[in-house]
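Inside the fold
Spelled out from the first residue to the last, the chains are:
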Amino acid sequence: MRLSRNELKTLMKNKMMAAGLKEEHAEVTAEILTWSHERGYASHGAVRVEYYSERIFKGGITTEPNFTWKETGPCSGILDGDNGIGYVVAQEGMKKAIEMAKKNGVAVVGMANMSHSGSIGYYSEMAAKEDLVAITFCQSDPMAVPYGGTEPYYGTNPISFAAPTADERTVVFDMATTVQAWGKILDKRSKGASIPADWAVDEKGAPVTDPHLVNALVPIAGAKGYGLMMMVDIFSGVLLGVPFGKHVSSMYHDLSQGRCLGQMHIVIDPERFVGLEKFKQSMSQVCDELGEMPAAEGYGKVYYPGERAVMRRDKAYAEGGIEVVDELVEYLRSDAIHFDRYDHKNRFAD
Ligand code: NAI
């Protein structure tokens, strides 16, 4: 069914507050989940609320975190999130990075000891809206084989970058470094369908088309994507002193414990390079030139990254609201906090 922005956001916020999150943290988390859901990233929208509520309720997210900010140089710092809700930690880290980049030209800000922070494009877009260029990376739980390997070692380790233009457009690139999300495998299982051979591997590291035989996801573009997911883990894990690689905590292993994840924001002021106005004009030119290029058959148009997400959002509101599956709305409107479905869940089981 379709919900207004306000209703969806309020329902999510109230549910997480009922689980124990304080209002200002529930407000930020619900806002970012709505940002994601309205852009068509339903995998990072309302569907996550029950899992977060269970983790909050069971103590695996600190509800009164003591954030500690340590400036380690004129352009660097680490925010320790005390395993508070990841959305707030990542947003606070980006606020620090924006302030630092505006003052000193560049900011490299790490966030250590946080929980899942959702669609990371939100944080890079924050910087672009302040006329800065940004890139952000974060860890996620191990479920992808390294190129040629047999066991999950890295997560879906996403990368996002964003840049402003001279007009209302913002370039926001935001992707996982695996070919497909785990949710897409589950979707195929539930439909009794097969999966393309380049999505996942079995216990021997061999490609599989039967979704029930999946033991791990695979990196995008073979060895190149493997290098990218390693880079993400170096920047957002090894460099920050939090668990890395296969030692990164599982999303479902124990919902009473903090996840100790890491994220890294790198923010640059274009004024220190080509100059802000020239940069923004050039970015508008890039978007214009890409959009004017004749599209290949079947593609319709060449889009800049993030363009289709904004189109999906605008279309949803033009059609009467954000589409949310009925069972999810029922849960959000109910008095239930969670159904005890996620703790110790085996991701690879049916
Ligand atoms: P996706 O495959 O839907 O999109 C990836 C990128 O490609 C986007 O920037 C999109 O704008 C661009 N794109 C897609 N089609 C395009 C087209 N036709 N023309 C131009 N650009 C196009 O994204 P993916 O990999 O499924 O990730 C979904 C979300 O999941 C992201 O928001 C990501 O941050 C989030 N995520 C979060 C994780 C976490 O642990 N916090 C882990 C993994 C993903």
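Per chain, residue numbering runs from 1 following the sequence as it is written. This being a predicted model, a pLDDT of at least 70 is required before a residue's local features are given, and a value of 80 or more before pairs of side-chain atoms are given or counted; all residues contribute to the totals for chains, interfaces and linings. Side-chain numbers come from the whole structure's heavy atoms, not from hydrogens or water.

This next bit is on the overall build of the chain. Assigned secondary structure in the chain consists of 10 helices and 11 strands. For 350 residues, the compact-globule estimate of 2.2 N^0.38 gives 20 Å, and the chain sits close to it at 20 Å. Across its three principal axes, the chain shows a C-alpha extent of roughly 55 × 55 × 45 Å. Buried residues are those whose accessible area, probed at 1.4 Å on protein chains only, stays under 20% of the maximum for their type, while exposed residues exceed 50% and partly exposed ones sit between those limits. The buried share of the chain, reckoned over its 350 residues, is 49%. By the criteria applied, helices consist of DSSP H or I runs no shorter than four residues and strands consist of E runs no shorter than two, each listed in order from the N terminus. Computation of the radius of gyration draws on C-alpha atoms, with the globule rule given as 2.2 Å multiplied by the number of residues to the power 0.38.

Attention shifts here to the side chain of Thr165. Position of Thr165 among the secondary structure elements: in the loop between β6 (159–164) and β7 (170–175). According to the relative accessible area criterion, Thr165 is buried, its value standing at 4%. N or O atoms closer than or at 3.5 Å make up a polar contact, with two conditions inside protein: a donor-capable atom paired with an acceptor-capable one, and, for residues adjacent in sequence, both atoms drawn from side chains. Among the polar contacts made by the side chain of Thr165, one reaches the main-chain amide nitrogen of Asp167 at a distance of 3.1 Å. Only 2.7 Å separates the side chain of Thr165 from the backbone oxygen of Arg169, close enough to count as a polar contact. Setting aside residues up to four positions removed in sequence, Thr165 forms contacts with Lys280, Met283, Ser284 and Cys287. Between two residues, a contact is recorded if the distance between any of their heavy atoms is within 4.5 Å.

Attention shifts here to the pairing of strand β2 (residues 68–73). What makes two strands pair is DSSP finding at least two bridges between them. With 5 bridges connecting them, β2 and strand β3 (residues 76–84) associate as antiparallel partners. Bridging across to β3, Thr68 finds its partner in Asp80. Connecting β2 to the next strand, β3, in antiparallel fashion are 2 residues.

Attention now goes to the nonpolar core. Remark: nonpolar core denotes a set of buried residues (Ala, Val, Leu, Ile, Met, Phe, Trp, Tyr, Cys) joined through side-chain atoms within 4.5 Å. Core analysis: the biggest nonpolar cluster contains 55 residues, and Met12, Met16, Met94, Tyr123 and Val267 have the highest contact counts within it. The leading source of residues in this core is helix α4 (residues 86–104), at 9 residues. All the domain ranges listed were derived from an automatic or database domain assignment. Counting contributing residues, this core receives three or more from each of domain 1 (2–61 + 308–333) and domain 2 (68–191 + 218–272). Of all hydrophobic cores here, the second largest spans 12 residues; its members include Met143, Ala144, Trp182 and Ile185.

Across its 16 residues, helix α2 (residues 23–38) extends 22 Å between first and last C-alpha, which sits within 8% of the 22 Å expected from 1.5 Å per residue. The buried fraction of α2 is high, at 12 of 16 residues. If you check which residues of α2 are buried, you get His25, Ala26, Val28, Thr29, Ala30, Ile32, Leu33, Thr34, Trp35, Ser36, His37 and Glu38. Residues of α2 that are buried in the fold lie against α1 (5–19), α3 (49–58), α4, α5 (121–128), α9 (307–318) and β11 (322–323). Trailing α2 by a residue or two, Gly40 shows a phi angle of about 90°, which is positive. The length a helix should cover is 1.5 Å for every residue beyond the first.

What follows is about the pattern of salt bridges. A carboxyl oxygen of Asp or Glu within 4 Å of a side-chain nitrogen of Lys or Arg is what we treat as a salt bridge. Evaluated as defined, the whole model comprises 26 salt bridges. With a closest N to O distance of 3.0 Å, Lys9 and Glu31 form a salt bridge. Taken together, the residues span a long stretch of sequence, with Lys9 in helix α1 and Glu31 in helix α2 at a distance of 22 residues. You can call Lys9 buried: its relative accessible area is 14%. When the shortest N-O distance is used, the salt bridge between Glu125 and Arg39 registers 3.9 Å. Linking Glu125 in helix α5 with Arg39 in the loop between α2 and α3, this pair joins segments that are 86 residues apart in sequence. Summarising the burial analysis for this pair, Glu125 and Arg39 share the class buried. Salt bridges here are not isolated pairs; linked through shared partners, they connect Arg5, Lys9, Lys13, Glu23, Glu27, Glu31, Glu38, Arg39 and Glu125.

Here the chain is partitioned into domain 1 (2–61 + 308–333) and domain 2 (68–191 + 218–272). Just the C-alpha atoms count here: the centres of domain 1 and domain 2 sit 21 Å apart. The interface of domain 1 with domain 2 comprises 22 residues on the first partner and 24 residues on the second. By buried area we mean how much accessible surface two parts lose on assembly, using a 1.4 Å probe and totalling the loss over both. Carbon and sulfur atoms supply 65% of the area buried between domain 1 and domain 2, which totals about 2,000 Å² over both sides. Along the contact surface separating domain 1 from domain 2 lie 8 residue pairs in polar contact (both at pLDDT 80 or more). Residue assignment for the side of domain 1 that touches domain 2 shows that the elements contributing at least two residues are α2 and α3. Polar here means any residue other than Ala, Val, Leu, Ile, Met, Phe, Trp, Tyr, Cys and Pro, which are nonpolar, and Asp, Glu, Lys and Arg, which are charged; Gly is therefore polar. Broken down by class, the residue content of the side of domain 1 that touches domain 2 amounts to 10 nonpolar, 6 polar and 6 charged.

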